[in-house]
Amino acid sequence: MVVPTFDRARLLPRALDSVRGQSFRDWELIVVDDGSADATRELARRERDPRVRWVGQERSGVSAARNRGIREARGDWLAFLDSDDAWRPSKLERQLEALEHDPQFLACHTDEIWIRRGVRVNPRRVHRKYGGWIYHRCLPLCCISPSSILLHRGLPDRIGGFDENFAVCEDYEMWLRLTHRFPVQFVPEPLVVKYGGHADQLSRSRWGLDRYRVSALVKCYRGCALSHQQRIWTAREIVRKSTILAEGFRKRGKESSARYFRQVSRRYRPER
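The sections below set out a description of the structure shown in this document.

Basis of the calculations
- Residues numbered from 1 in each chain as written.
- Predicted model: local features only at pLDDT ≥ 70, side-chain atom pairs only at ≥ 80, totals over all residues.
- Heavy atoms only, no water.
- Pairing = 2+ DSSP bridges.
- Helix = DSSP H or I, 4+ residues; strand = E, 2+ residues; numbered from the N terminus.
- Axes fitted to C-alpha atoms, helices over the stretch in contact; angles between N-to-C directions.
- Contact = heavy atoms within 4.5 Å.
- Buried < 20%, exposed > 50% of the residue type's maximum accessible area, 1.4 Å probe, protein only.
- Right-handed = clockwise from strand over helix to strand, strands pointing away.
- Phe/Tyr/Trp six-rings, centres within 6.5 Å; stacked < 30°, edge-to-face > 60°.
- 1 Å grid on protein atoms, 1.4 Å probe; cavity = no way out; pocket = protein on both sides within 12 Å on 5 of 7 lines; lining within 4 Å.
- Points joined across faces, edges and corners; volume = space filled by probe spheres on them.
- Nonpolar A, V, L, I, M, F, W, Y, C, P; charged D, E, K, R; others polar.
- Core = buried A, V, L, I, M, F, W, Y, C linked by side-chain atoms within 4.5 Å.
- Disulfide = S-S within 2.5 Å.

Right, let's talk about the sheet that holds strand 2 (residues 29-34) for a bit. As a general point, the strands of a sheet are linked pairwise by backbone hydrogen bonds and lie either parallel or antiparallel. Ordered in space as 1-2-3, the 3 strands form an open sheet in which the pairing is parallel. Looking at strand neighbours, the two that pair on one side only are strand 1 (2-5) and strand 3 (52-57), the edges of this open sheet. Neighbour-to-neighbour, the strand axes of the sheet open up by a mean angle of 20°, direction not taken into account. Here strand 2 runs beside strand 3; their pairing, made up of 6 bridges, is parallel. What sits directly across from aspartate 33, in strand 3, is glycine 56. With respect to the sheet, helix 1 (residues 12-20) is in contact with strand 1, strand 2 and strand 3, its orientation differing from that of strand 2 by roughly 165°.

Of note in the backbone geometry, aspartate 7 takes a positive phi value of approximately 50° without being a glycine. Among the structural elements, aspartate 7 can be located in the loop between strand 1 and helix 1. In this structure aspartate 7 comes out as partly exposed when scored by relative accessible area, which is 31%. Positioned with a positive phi, arginine 117 is a non-glycine residue whose angle comes to about 50°.

A separate point is the environment of tryptophan 233. Assignment of secondary structure puts tryptophan 233 in helix 9 (residues 228-251). Note: C-alpha distance between tryptophan 233 and cysteine 143 (90 residues apart in sequence) is 16 Å. Those residues in contact with tryptophan 233, other than ones at most four positions away along the chain, are Tyr135, His136 and Leu139.

What follows deals with the pairing of strand 2. A large share of strand 2 lies buried, amounting to 6 of its 6 residues. Because side chains alternate across strand 2, one face comprises the buried residues Leu29, Val31 and Asp33, and the other comprises Ile30, Val32 and Asp34, equally buried. As paired elements, strand 1 and strand 2 share 4 bridges and run parallel to each other. Residue pairing for strand 2: valine 3 is matched across the bridge by valine 31. Between the parallel elements strand 2 and strand 3, the chain passes through helix 2 (residues 40-45) in a crossover that is right-handed.

What follows concerns the packing of aromatic side chains. Following the criterion strictly, the structure yields 5 aromatic pairs and no others. A centroid spacing of 5.3 Å and a plane angle of 90° characterise the contact between tyrosine 221 and tyrosine 268, whose relative ring orientation is edge-to-face. Note that tyrosine 221 is positioned in helix 8 (residues 210-223) and tyrosine 268 in the segment after helix 10 (255-267), a separation of 47 residues in sequence. Comparing tyrosine 221 with tyrosine 268, the two get one shared label, buried.

Glancing now at the layout of surface pockets. The gaps left among the atoms become clear once a water-sized probe is rolled over them. Considering only enclosed or pocket space, the second largest pocket measures out at about 260 Å³ in volume. Lining the second largest pocket we find 15 residues, and of these Phe24, Asp26, Trp27, Gly75 and Trp77 sit closest to its centre. Broken down by secondary-structure element, the contributors of at least two residues to the lining of the second largest pocket are strand 4 (77-79) and helix 4 (91-101). No other element matches strand 4, which puts 3 residues into the lining of the second largest pocket. Residue composition of the lining of the second largest pocket, by class: 10 nonpolar, 1 polar and 4 charged.

This brings us to the nonpolar core. The tendency in soluble globular proteins is for nonpolar side chains to be buried side by side. Among the nonpolar cores identified, the biggest contains 51 residues, and Phe80, Leu151, Leu176 and Leu178 are the most heavily contacted of them. Those elements giving two or more residues to this core turn out to be strand 2, helix 3 (62-72), helix 5 (135-138), helix 6 (155-159), helix 7 (170-179), helix 8, helix 9 and helix 10. Among the elements that make up this core, the one with the highest residue count is helix 8 (7 residues). Sequence-distant contacts of leucine 176, that is, excluding residues within four places in its chain, are made with Tyr135, Cys138, Leu139, Ala216, Leu217 and Cys220. Counting 24 residues, the second largest nonpolar core, distinct from the first, contains Val3, Ala15, Val19 and Val187.

Turning to its location among the elements, glutamate 164 is positioned in the loop between helix 6 and helix 7. Given the relative accessible area of 45%, glutamate 164 is considered partly exposed. Considering only alpha carbons, one finds glutamate 164 and leucine 81, 83 residues apart in sequence, at a separation of 18 Å. The residues contacting glutamate 164, other than those within four sequence positions of it, are Ser63, Ala64 and Asn67.

Evaluation of the coordinates by the stated rule reveals 0 disulfides. Unpaired in this structure, cysteine 142 has its nearest cysteine sulfur neighbour in cysteine 143, at a distance of 6.7 Å. Overall, the relative accessible area of 22% leaves cysteine 142 in the partly exposed class. Between cysteine 224, a cysteine without a disulfide, and cysteine 220, which holds the nearest cysteine sulfur, the sulfur-to-sulfur distance is 3.3 Å. The buried category is assigned to cysteine 224, whose relative accessible area is 15%.

Structure, rendered in structure tokens:
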């Protein structure tokens, strides 16, 4: 398991305790401290569990931290846990059981519980999770939580790791590369608790996340070996998001950005 963290000493113990509380016990945990300046190092010094390894690096971003953890990992399966989330006790056990039952899958994700400012909220219908060949479902928004995914160790070698050029939506970009080539198993149980609403959430730190999603879609359209149907789906989503962004920038008086996204929208009109 890989837990990237940056200045989350207040939240990190909850995440680590949820790993220690797993019913599946044969795990290793790599905590990648991405240049924290808070009490994270003190937590590392107090660590006594031999299954937990702490790795420090200069501030490089969440993608670089996850990739560092991937390189350090020695097990056959990779799991990720964001330092502000937590796992239910049976999370790993249920996923490994599902993968053993259907060994053709190399990736598995689960349903989740959402907590916002201490209150449980129901995800909207658009956030519903799916399994199988889900590339088309991954285009509108990120439909796989990094904290829920379990990947075979060999997959990052085949599809690449997290793209360190993406400040946000790095998970969205990676799942496009994953799901256009491989089906993903889904365990329909809420085995991850996602806590939101705090000020340092990455998804709250950038306006207009679709700017980054458009970049990810264009990268996939140009660089991935998409089928004809996948290319059509991808182009349609580029056009849809770019059109919305262009209008949003126009309303904010940012005409150069609006012009750019209008050009993107015209360039990627779907093939017939």
